[in-house]
Amino acid sequence: MEKAKIDEIYQKNAAMIYKYLCGLSHDTQLAEELTQETFFQAIKGIDKFRGDCKVSVWLCQIAKNLWYKELEKRSRHKTVELDDTMPSGENIESKCLNRLEKVEVFRLIHNLDDVTREVVHLRLTGELQFSEIASIMGKTENWARVTYYRGKQKLMKGIEEWKEN
């Protein structure tokens, strides 16, 4: 493939791939590294691109696979940091409750079906626009909006039920 075409693909998709990886990793430095690796892998494998999806969808798939490899690598090299500081006089109960609420929200997100979970995750943690989510998922912007809305409704219902118990 000619260099001008590769440059055009990079210019058109790099920001979106970076946002996608930021949403997955919550680490800007890692997202930058994985974005560069995504385009490196894409250039290496451009002959394997069949063209049965958008280039942006193909790039997101490469990025997602690289993220999964990174998670696997991290799980094998997990380190635990010890905190020797004493708890402060702040309201520990309030902190625990906030943490429990956060854990519950993530549990509810985890229990969504795969597609809805990914859309909610991209929207909330990746802060992607619906048009960007649609591009990643290979769907329409309206589909992304409706999927996110339905997922949000399920989360709200789950949170209400959790608070009642």
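As the structure is a computational prediction, the values presented were derived from the model and not from experiment. (Residues numbered from 1 in each chain as written. Predicted model: local features only at pLDDT ≥ 70, side-chain atom pairs only at ≥ 80, totals over all residues. Heavy atoms only, no water.)

Caption draft 1: Up close: the overall build of the protein. Each helix and strand counted, the protein has seven helices and zero strands in total. Taken from the N to the C terminus, the helices and strands of the protein come in the order α-α-α-α-α-α-α. Summarising the internal contacts of the protein: among those between residues at least 6 apart in sequence, 62% fall at separations of at least 24. Just so you have it, the protein exposes about 11,900 Å², and 52% of that area is on carbon and sulfur atoms. (Helix = DSSP H or I, 4+ residues; strand = E, 2+ residues; numbered from the N terminus. Contact = heavy atoms within 4.5 Å. Areas by Shrake-Rupley, 256 points an atom, 1.4 Å probe, with all protein chains shown as cover.)

Caption draft 2: Region of the structure containing the nonpolar core. Of all hydrophobic cores here, the largest spans 35 residues; its most connected members are I17, Y20, L21, L59, I133 and I136. For this core, the element with the highest residue contribution is helix α1 (residues 3-25), accounting for eight residues. Residues within four places of Y20 in sequence aside, it is in contact with C60, A63, K64, E118, L122, L128 and I136. (Core = buried A, V, L, I, M, F, W, Y, C linked by side-chain atoms within 4.5 Å. Buried < 20%, exposed > 50% of the residue type's maximum accessible area, 1.4 Å probe, protein only.)

Caption draft 3: Inspection of the packing of aromatic side chains at higher detail. Within the structure shown, the criterion is met by two aromatic pairs. Consider the rings of Y10 and F39, whose centres lie 4.8 Å apart with planes at 70°: the pair is edge-to-face. Of the two residues, Y10 sits in helix α1 while F39 sits in helix α2 (residues 28-44), which places them 29 residues apart along the sequence. Looking at F39, the relative accessible area reads 7%, which means it is buried. Against the face of Y148 rests R123, its NZ or CZ located 5.9 Å from the ring centre. When the ring centre of W143 is taken as origin, the NZ or CZ atom of K139, which lies over that ring, is 5.6 Å away. (Phe/Tyr/Trp six-rings, centres within 6.5 Å; stacked < 30°, edge-to-face > 60°. Lys NZ or Arg CZ within 6 Å of the ring centre and 35° of its normal.)

Caption draft 4: A look at the environment of R145. Position of R145 relative to the elements: it lies in helix α7 (residues 141-164). Separated by 12 residues in the primary sequence, R145 and I133 have C-alpha atoms spaced 9.1 Å apart.

Caption draft 5: Structural context of the packing of helix α5 (residues 114-124) against helix α6 (residues 130-137). Contact geometry for α5 and α6: axes closest at 10 Å, N-to-C directions at 140°. It follows from the interaxial angle that α5 and α6 lie oblique. With respect to the hand of their crossing, α5 and α6 are arranged in right-handed fashion. Listed contacts from α6 to V115, E118, V119, L122 and R123 of α5 are F130, I133, I136 and M137. Among the residues forming the contact of α5 with α6, the class breakdown is seven nonpolar, no polar and two charged. (Axes fitted to C-alpha atoms, helices over the stretch in contact; angles between N-to-C directions. Parallel < 35°, antiparallel > 145°, perpendicular 65-115°, else oblique. Left-handed = near helix turned anticlockwise from the far one by under 90°. Nonpolar A, V, L, I, M, F, W, Y, C, P; charged D, E, K, R; others polar.)

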